[in-house]
Amino acid sequence: QEQRQRLHEAELAVQERDAAHRLAEELRAELAQQGESTRVGADRVERLEEDLEQERRGSTEAAAAARALSEQVELLRSEVSEGASHTAALEREVVACRAEAAAAAS
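Below is a summary of the structure that appears in this document. All of these numbers come straight from a predicted model, not from anything done at the bench. (Residues numbered from 1 in each chain as written. Predicted model: local features only at pLDDT ≥ 70, side-chain atom pairs only at ≥ 80, totals over all residues. Heavy atoms only, no water.)

Quick word on the pattern of salt bridges
Part 1: Counted according to the given criterion, the structure contains six salt bridges.
Part 2: In this structure, E25 engages R28 in a salt bridge whose closest nitrogen and oxygen atoms are separated by 2.1 Å. Here the residue E25 and the residue R28 both occupy positions in helix α1 (residues 2-57), the gap between them amounting to three residues, near one helical turn.
Part 3: You can call E25 partly exposed: its relative accessible area is 48%.
Part 4: Here the salt bridges do not stand alone but share partners, grouping E49, E74 and R77 into one network. (Salt bridge = Lys/Arg side-chain N within 4 Å of Asp/Glu carboxyl O. Helix = DSSP H or I, 4+ residues; strand = E, 2+ residues; numbered from the N terminus. Buried < 20%, exposed > 50% of the residue type's maximum accessible area, 1.4 Å probe, protein only.)

In structure tokens, the structure reads:
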């Protein structure tokens, strides 16, 4: 009876460890995807800033377009910042899952 109980507890620990590993892998994949989205957004911000600078050097008719680009740049900066915050949160979750998996394995 006691051996069955210990075996059952060991099986549960293995299941918990496996679940924690799966979750960590899912979080790593999401983290990679979020990191790529953040890089793409940063590249787009850079291109828009370059476009904005060119527009500023242009004629007075380009002033309205420059304002629109400036608004887009600010929006993208905000999105990149949110992406970075989300990436940091995912990194913390991965660390927590690793710690949980290590605890379950011991």
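Here we look at a negative patch on the surface
Part 1: On the surface, a cluster of negative charge is contributed by D43, E46, E50 and D51.
Part 2: Relative to the elements of secondary structure, E46 occurs in helix α1. (Patch = residues over 30% accessible without salt bridge, like charges linked within 9 Å, V, L, I, M, F, W, Y side chains within 5 Å. Areas by Shrake-Rupley, 256 points an atom, 1.4 Å probe, with all protein chains shown as cover. Lys, Arg positive; Asp, Glu negative; His and termini not counted. Charge placed at Lys NZ, Arg CZ, Asp CG, Glu CD.)

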